[in-house]
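# What the coordinates show
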Amino acid sequence: MNSLLFLNKQEMNELTGRKQKKRQVEQLIQLQLPFTLDAFGWPKVLRKTIETELGAGDSCQIKRDGATLSDDELYTG
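Described in the following lines is the structure provided in the data block. (Residues numbered from 1 in each chain as written. Predicted model: local features only at pLDDT ≥ 70, side-chain atom pairs only at ≥ 80, totals over all residues. Heavy atoms only, no water.)

### Things to note about the overall build of the chain
From N to C terminus, the chain includes 3 helices and 4 strands. Listed by position from the N terminus, the elements making up the chain come as α-α-β-β-α-β-β. Within the chain, the fraction of its 77 residues that count as buried is 18%. (Helix = DSSP H or I, 4+ residues; strand = E, 2+ residues; numbered from the N terminus. Buried < 20%, exposed > 50% of the residue type's maximum accessible area, 1.4 Å probe, protein only.)

Spelled out as structure tokens, the structure:
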């Protein structure tokens, strides 16, 4: 499989905030992001899924509980 098709391990750590595969799976379920498991039980997320769900367009949008947050509603720290 093309490694650019899926998020790499570092990106998965950043996305989920977790390093253990079991914890990553739990976090992906909580985030309601679709994923599959590889032969070793590690979750695999399509890069396109993240681009679509987290907004790779002109403005950043995050979906939460069916609502979409726009740029001015996002916490930027």
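Resuming the write-up.
### Topic: the nonpolar core
The biggest cluster of nonpolar side chains holds 6 residues, and these are L7, M12, L28, L33, V45 and I50. For I50, the contacting residues outside a window of four places in its chain are L7, L15, L33, V45 and G55. (Core = buried A, V, L, I, M, F, W, Y, C linked by side-chain atoms within 4.5 Å. Contact = heavy atoms within 4.5 Å.)

### Describing helix α1 (residues 9–16)
Between a side-chain oxygen at the N-terminus of α1 and the backbone nitrogen of Q10 the separation is 3.1 Å; the capping residue is N8. Where α1 terminates, the next one or two residues include G17, which has phi positive at roughly 75°. (Polar contact = N/O pair within 3.5 Å; in protein donor to acceptor, adjacent residues only side chain to side chain.)

### Section: the pattern of salt bridges
The full count for this structure, using the stated rule, is 2 salt bridges. Between R23 and E26 there is a salt bridge, and its shortest N-O distance comes to 3.2 Å. Linking R23 with E26, this pair stays in helix α2 (residues 21–31), spanning 3 residues, or about one helical turn. Here R23 falls in the partly exposed class, since its relative accessible area comes to 36%. (Salt bridge = Lys/Arg side-chain N within 4 Å of Asp/Glu carboxyl O.)

### Overview of the packing of α1 against α2
α2 packs onto α1 with a crossing angle of 55° between their chain directions and a minimal axis gap of 10 Å. Relative to α2, α1 is oriented oblique. Here α1 and α2 pass one another in a crossing that is left-handed. The segment α1 lies against α2, with M12, N13, L15 and T16 engaging Q24, Q27, L28 and L31. Partitioning the contact of α1 with α2 into residue classes produces 4 nonpolar, 4 polar and no charged. (Axes fitted to C-alpha atoms, helices over the stretch in contact; angles between N-to-C directions. Parallel < 35°, antiparallel > 145°, perpendicular 65-115°, else oblique. Left-handed = near helix turned anticlockwise from the far one by under 90°. Nonpolar A, V, L, I, M, F, W, Y, C, P; charged D, E, K, R; others polar.)

### A closer look at the side chain of Q24
Mapped onto the secondary structure, Q24 falls in helix α2. What makes Q24 buried here is its relative accessible area of 2%. Only 3.0 Å separates the side chain of Q24 from the backbone oxygen of R18, close enough to count as a polar contact.

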